[in-house]
Amino acid sequence: MSRHCLRLLSPGLIAVLMFAAGTAQAAAPNLNQGVVSDLQQMIPLHDGVHLAATVWRPLDQAKPLPVVLMITPYVSDETHNRAVKWVQGGYVYVVVDVRGRGDSEGVFRPLYGGGPDGAEVVEWLAQQPWCDGRVATLGGSYRGMVQWEILAQHPKHLVALMPTAAVYPGYDFPNWKGVMPSYTAQWLALTSGHTAHDQLFGDGDYWNTQFARLYKSGAAFTTLAPLAAGNRPAFEEWMQHHDYDAYWAAYNPDPREYAKVNIPILAITGYFDGDQPGEMRYYREFSQNAPAAELARLTLLMGPWDHPGTRYPQKQLGGLTFPDNSVLDIDHLQISWLDWVLKGGKRPEMLSDRVNYYVMGEGAEQWRHVASLEALTDHVQKLYLSSVDGPAGDVFHSGRLVAAVPQDTSTDSFRSDPNSQDGLPTNDGSNFLTDQSSSFQKNTLVYQSDPLTAPATIAGYVRFTGSFSLDTPDADIGAEVDAVLPDGRTLVLGTDLVRARYRRGMSRAAPVTPGEIEPYAFDGFYLTDQHLPAGTRIRLLLTSVNTPFLERNDNSGGALGVEPTNHGRVATVSVHLDAAHPSYLELPLAKD
């Protein structure tokens, strides 16, 4: 997750499920568009419900064409500009409102049921006179999720999948590692009822005020439920399922269904995409279950993009400016890929291998192409936490990251106080990839390496394992890994958190035994590929998770989110550094 997520938003949540692109105003009217749009085409489902579709076709269509389908909870008109591109590329483009949204009949159940409905839609489209019997799917975020769900239903006429930044319910939204984001209420308000509420959703000042008010009052997190409006029942139901349990498993495809798949897939995500964890979980589950022959038709594209950037990449992000070669025309690339898959066109050079990724870092910015995700990482460098010279209390008296097992005999510690308001944001978070203010915050442990003696590239998943003990049954612990460049600038390589009751996994909560030392695996860092120059130091920060944008833990070990936090317990979190209980950072490195 990005640093912005940990301090200002939920981990795994940078505009997680919503990307509403404004309609661009053309400088002059295009009188040769050659497209016709058929509104409110009603598609019958087996249970009598009808889903509303908008169909874009060539104005002079003379023969049946392949159909590109997107299923959305955000009302079909959202994608008109993209539809025109696809029609001009030689396809029929169809957008369907999910059950209970837009002009579709039925009851909307957020995040649920898109697969069976979508499979019926695919088969209906294949029978229309303007379709040649081949249906491909497209879309990002919620729309990406629905594609993986449809795939597991095995509709006969589904011929290709293009999921982007797909949310994985219960895994990266509406919680991340057992922590609910305040944003959940905001997104549920957006999708309340049949119509869009884009203006309300996009009013950041309004939502920040609501979240800050809850945070300052110490009220229970469930106080946000009324803000979800018509989707309040979903908010309250989700609050009962912080675990990844059978409830959430029922939302998602059974990975074993991928063993029957025989279609090509183009999966897209970004290094800073709030739904990277979701898209990559689908990718891993497919890779582990699909037939070996099908893996050759699974293609992954990763760039230096945030969640909306996976559809419309931008040069500026989080305080960084990326080169022009990082800004791709994703619409054009997907059209070219589908031309290659369905029409015998040329394979896009950008997608020349199974894994196609961008290397970040000055002097190294380029696209690379390899046969597998594992090929990104050549070896792993383990750095142990040590503070033999004194407590790692701040950036000026930091502990060390060392290659050898340390000789420490003492521990470092920080406090997690649910009554504190230290987590109120002090800036708008726009420079979340370069801001180093967290290194100077109180109540933060800081560990730094010696300068790199040669350039290195962090390529893959960073991982941190901490040996922790608490004096309370629960607490939330945050970790951030930074690169401090030779000129003093900071790059955030990744952030993660662990809610202590889920230290043994998300399937079951386990209260902490006070004083017991246990390993906590911080395995939620995002996939990255960042080149670093010689002289760079690696910095690790450990602190409490305390922000208006995340559900606060009262550290009592009781039910989450339903009790006020202003009477919570103050936890002392101790990190152990001795040889019997080491704490260490693992850095995945590319070949020199």
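Each remark here, short or long, concerns the structure printed above.
Definitions and limits used
Residues numbered from 1 in each chain as written. Predicted model: local features only at pLDDT ≥ 70, side-chain atom pairs only at ≥ 80, totals over all residues. Heavy atoms only, no water. Helix = DSSP H or I, 4+ residues; strand = E, 2+ residues; numbered from the N terminus. Rg over C-alpha atoms; globule rule 2.2 N^0.38 Å. Buried < 20%, exposed > 50% of the residue type's maximum accessible area, 1.4 Å probe, protein only. Areas by Shrake-Rupley, 256 points an atom, 1.4 Å probe, with all protein chains shown as cover. Salt bridge = Lys/Arg side-chain N within 4 Å of Asp/Glu carboxyl O. Contact = heavy atoms within 4.5 Å. Pairing = 2+ DSSP bridges. Axes fitted to C-alpha atoms, helices over the stretch in contact; angles between N-to-C directions. Right-handed = clockwise from strand over helix to strand, strands pointing away.

Visitor: Tell me about the overall build of the protein chain, and please be specific about residues and values.
Guide: For the protein chain, the count of helices and strands is twelve helices and 25 strands. Relative to the globule expectation of 25 Å for 592 residues, the C-alpha radius of gyration of the protein chain, 24 Å, shows essentially globular dimensions. Overall size of the protein chain, expressed as C-alpha extent along the three principal axes, is 80 × 50 × 50 Å. Out of the 592 residues in the protein chain, the part that is buried amounts to 59%. A total accessible area of about 22,500 Å² is found for the protein chain, and carbon and sulfur atoms account for 51% of it.

Visitor: Lay out the pattern of salt bridges in plain terms, naming residues and giving numbers.
Guide: Throughout the structure, instances matching the rule amount to 25 salt bridges. Its salt-bridge partner being E294, residue R297 comes within 3.1 Å of it at the nearest N-O pair. When the shortest N-O distance is used, the salt bridge between K315 and D324 registers 2.8 Å. A single salt-bridge network, built from bridges that share partners, covers D47, R99 and D117.

Visitor: A description of the environment of A228 should follow, citing residues and the corresponding values.
Guide: Examined against the element boundaries, A228 turns out to sit in the loop between α7 (204-217) and α8 (232-238). With residues near it in sequence (within four places) discarded, A228 still touches A185, L188, A189, S192 and F235.

Visitor: Tell me what's going on with the environment of G140, and back it up with residues and numbers.
Guide: One can find G140 in strand β5 (residues 131-140). For G140, a relative accessible area of 2% corresponds to the buried category. Beyond its immediate sequence surroundings of up to four residues, G140 is in contact with T164, A165 and R311.

Visitor: Let's hear about the sheet that holds strand β3 (residues 65-72): which residues, and what values?
Guide: Spatially, β1-β2-β4-β3-β5-β6-β7-β8-β11-β12 is the arrangement adopted by the ten strands of the open sheet, whose pairing is mixed. The open sheet terminates on both sides in strands that have one partner only, identified here as β1 (35-44) and β12 (366-370). Each neighbouring strand pair of the sheet contributes to a mean axis angle of 20 degrees, computed without reference to strand direction. Both β1 and strand β2 (residues 50-58) contribute to a ladder of eight bridges, which runs antiparallel. Across the sheet, residue I43 finds its bridge partner in β2, namely L51. This element, helix α4 (residues 142-151), spans β3, β5, β6 (158-164) and β7 (265-272) of the sheet and lies at about 145 degrees to β6. Contacting β3, β5, β6, β7 and β8 (298-306), helix α12 (residues 330-343) crosses the sheet at an angle of about 160 degrees to β6.

Visitor: So what's going on with the pairing of β3? Which residues, and what values?
Guide: For a regular strand, side-chain orientation follows a simple rule: the groups alternate between the two sheet faces. Within β3, eight of the eight residues are buried, leaving the element largely enclosed by the surrounding structure. Bridge count between β3 and β5: four bridges; the pairing is parallel. The residue of β5 that forms the bridge with L69 is T137. Examined bridge by bridge, β3 and strand β4 (residues 92-97) share six bridges and lie parallel to one another. Its bridge partner lying in β4, I71 is registered against V96. With respect to chirality, the unit in which β3 leads through helix α2 (residues 80-88) into the neighbouring parallel β4 is right-handed.

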